[in-house]
Amino acid sequence: MSVSTLSLARYETALSTMRSRYEQGRGQLALLKEQREKKEAALEEIRANIDLWRKVSVLLTKASDYARRQLVTHIEKTVTAALQTVLS
């Protein structure tokens, strides 16, 4: 075997190793891109849920305030009617 044949075999082996590493890297990159897309979709869903929860919180607070005001009004009317009955 001549020197050039040995060099060529070494280069072919190195090239094969580089191709293998390249393909492995491409596969890892594709996997990471897919994982990133899934994480971004999950993050968007979480953000939407947070927004929904904030709106629900505001709605429940307003409903609670309204119910409280209605109860106070009802109690005031009941007490007024009772006092009018007692004092008349």
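Quick note: structure is the one above.
Everything in this summary refers to the structure shown in the same document. (Residues numbered from 1 in each chain as written. Predicted model: local features only at pLDDT ≥ 70, side-chain atom pairs only at ≥ 80, totals over all residues. Heavy atoms only, no water.)

Side note on the overall build of the protein chain
So, step 1. Within the protein chain, the regular secondary structure consists of one helix and zero strands.
So, step 2. For the protein chain, the C-alpha radius of gyration of 38 Å lies well beyond 12 Å, the compact-globule estimate for 88 residues.
So, step 3. Its C-alpha atoms put the protein chain at 130 × 10 × 10 Å along the principal axes.
So, step 4. When burial is assessed residue by residue, the protein chain has 0% of its 88 residues classed as buried. (Helix = DSSP H or I, 4+ residues; strand = E, 2+ residues; numbered from the N terminus. Rg over C-alpha atoms; globule rule 2.2 N^0.38 Å. Buried < 20%, exposed > 50% of the residue type's maximum accessible area, 1.4 Å probe, protein only.)

Focus on the pattern of salt bridges
So, step 1. Scanning all chains against the criterion turns up five salt bridges.
So, step 2. Here K38 and E34 are joined by a salt bridge, their closest N and O atoms 3.3 Å apart. In this pair, K38 and E34 both sit in helix α1 (residues 3-87), four residues apart, roughly one turn of the helix.
So, step 3. In this structure, the salt-bridge partner of D51 is K55, at a minimum N-O distance of 3.3 Å. Of the two residues, D51 and K55 are both situated in helix α1; the distance of four residues between them amounts to about one turn of the helix. (Salt bridge = Lys/Arg side-chain N within 4 Å of Asp/Glu carboxyl O.)

Notes on a nonpolar patch on the surface
So, step 1. A cluster of nonpolar residues, I46, I50, L52, W53, V56 and L60, forms a patch on the protein surface that exposes about 590 Å² of accessible area.
So, step 2. Here W53 is to be found in helix α1. (Patch = residues over 30% accessible without salt bridge, like charges linked within 9 Å, V, L, I, M, F, W, Y side chains within 5 Å. Areas by Shrake-Rupley, 256 points an atom, 1.4 Å probe, with all protein chains shown as cover.)

Some remarks on the environment of T73
So, step 1. Mapped onto the secondary structure, T73 falls in helix α1.
So, step 2. Owing to a relative accessible area of 32%, T73 belongs among the partly exposed residues under this scheme.
So, step 3. Looking at T73, its side chain comes within polar contact range of the main-chain oxygen of R69, at 2.9 Å. (Polar contact = N/O pair within 3.5 Å; in protein donor to acceptor, adjacent residues only side chain to side chain.)

In short, geometric facts, not functional conclusions.
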